[in-house]
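Coordinate analysis (summary)
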Amino acid sequence: MKFFLDTANLAEIEEAASWGVLAGVTTNPTLYAREGGKLADFHSHLQRICALTDGPVSGETVGLVRDEIVREGIELAALAPNIIVKIPVMPEGLAATKTLFERGIKVNMTLCFTVPQALLAARAGAAYVSPFVGRFDDISEDGIEHLANTVTALSNYDFGHDIEVIAASVRSANHVTQAALMGCDIATVPFKVLKNLVKHPLTDRGLESFLADWEKVKNS
Ligand code: E4P
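Points about the site of the ligand
Neighbouring the ligand are Asp-6, Thr-26, Asn-28, Lys-86, Phe-132, Arg-135, Ala-168, Ser-169 and Arg-171. Residue Lys-86 places a side-chain N or O atom 2.7 Å away from an oxygen atom belonging to the ligand. Contacts to the ligand include Arg-135, whose side-chain N or O atom sits 2.7 Å from an oxygen atom. The fraction of the free accessible surface of the ligand (340 Å²) that becomes covered by protein chains is 86%.

Here it is, written out as structure tokens:
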């Protein structure tokens, strides 16, 4: 499974890239707003992110009608070769995805909560589909079960183009483990979650005792 960072924070992206594990980045309007992002800087901010990774960087459209979404998508795709146009699942979004697919522009269909939504995204030509896990858990449903259903359903068919499933709205190491066990292609994780993935109390304890014993060796 590949790891994407779900953030618009440049320092976080830089640090994850320095670990050698960063395969891509996903952003959304909320994540950009969280960074104090201004409309006028949106495109240049995405370009700065694209310069920090060779992997795909999702920039989201906000239009609600096909032509508007397509126009935004074309503008976003022109920013850098690794931009992916992120479009919410809705009828106009599917239509825009189809148009962008025909122009060779890659789309990540986001806000996917059901198997039919993911199948429609795939049929419209999406290169990535992003089922949300944590937001199901937030309403006391099993987000991992929904993700597993989507992964299985998509694997049943040949869509005539490559499509990867991104586990999105990931909140914990367990979400990542479960996504990997079912063979999900990618997990996009907030930086806080990525940092937690590296940690385990037994690793900390083991390191502490190795270092203490090495002190004994040095002083012998
Ligand atoms: C997907 O790409 C989204 O940015 C994302 O994972 C949203 O998750 P949230 O539920 O943490 O907002």
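Side note on the sheet that holds strand S5 (residues 107-112)
Whenever strands of a sheet pair, they do so through backbone hydrogen bonds, lying parallel or antiparallel. Pairing is parallel in the closed barrel, where eight strands are placed in the order S1-S2-S3-S4-S5-S6-S7-S8. If you compare each strand with its neighbour and ignore which way they point, the axes differ by 25° on average. As paired elements, strand S1 (residues 2-6) and strand S8 (residues 186-189) share four bridges and run parallel to each other. Bridge assignment links Phe-3 to a residue of S8, and that residue is Ala-187.

Digging into the packing of helix H6 (residues 115-124) against helix H8 (residues 143-155)
H8 packs onto H6 with a crossing angle of 40° between their chain directions and a minimal axis gap of 9 Å. The angle between H6 and H8 places the two elements in the oblique class. Considering the relative orientation of H6 and H8, their crossing is right-handed. Facing Val-115, Ala-118, Leu-119 and Ala-122 of H6, the residues of H8 in contact are Asn-149, Thr-150, Ala-153 and Leu-154.

Examining the packing of aromatic side chains
For the coordinates displayed, the defined rule picks out six aromatic pairs. Ring centres 5.9 Å apart and planes at 40° place the aromatic pair Trp-19 and Phe-191 in the tilted group. Linking Trp-19 in the loop between helix H1 (10-18) and strand S2 (22-26) with Phe-191 in helix H10 (residues 191-198), this pair joins segments that are 172 residues apart in sequence. Taking the relative accessible area as the measure of exposure, Trp-19 reaches 34% and is therefore partly exposed. Here the aromatic cluster, defined as three or more aromatic residues joined through ring pairs, consists of Phe-113, Phe-132 and Phe-136.

Describing the side chain of Glu-72
Relative to the assigned elements, Glu-72 resides in helix H4 (residues 66-77). Summary of buried charges: Glu-72 has no salt-bridge partner, and the nearest side chain of opposite charge, Arg-71, is 5.3 Å away. Residues contacting Glu-72, with those up to four places away along its chain left out, are Glu-60, Thr-61, Val-62 and Gly-63.

Focus on the environment of Leu-100
Examined against the element boundaries, Leu-100 turns out to sit in helix H5 (residues 91-102). Residue classification places Leu-100 among the buried positions, given a relative accessible area of 0%. In sequence terms Leu-100 and Arg-123 are 23 residues apart; their C-alpha atoms lie 13 Å from each other. Sequence-distant contacts of Leu-100, that is, excluding residues within four places in its chain, are made with Val-70, Gly-73, Ile-74, Val-85, Ile-87, Ile-105 and Val-107.

Cut-offs used in this document
- Residues numbered from 1 in each chain as written.
- Predicted model: local features only at pLDDT ≥ 70, side-chain atom pairs only at ≥ 80, totals over all residues.
- Heavy atoms only, no water.
- Near = heavy atom within 4 Å.
- Polar contact = N/O pair within 3.5 Å; in protein donor to acceptor, adjacent residues only side chain to side chain.
- Areas by Shrake-Rupley, 256 points an atom, 1.4 Å probe, with all protein chains shown as cover.
- Pairing = 2+ DSSP bridges.
- Helix = DSSP H or I, 4+ residues; strand = E, 2+ residues; numbered from the N terminus.
- Axes fitted to C-alpha atoms, helices over the stretch in contact; angles between N-to-C directions.
- Parallel < 35°, antiparallel > 145°, perpendicular 65-115°, else oblique.
- Left-handed = near helix turned anticlockwise from the far one by under 90°.
- Contact = heavy atoms within 4.5 Å.
- Phe/Tyr/Trp six-rings, centres within 6.5 Å; stacked < 30°, edge-to-face > 60°.
- Buried < 20%, exposed > 50% of the residue type's maximum accessible area, 1.4 Å probe, protein only.
- Lys, Arg positive; Asp, Glu negative; His and termini not counted.
- Salt bridge = Lys/Arg side-chain N within 4 Å of Asp/Glu carboxyl O.

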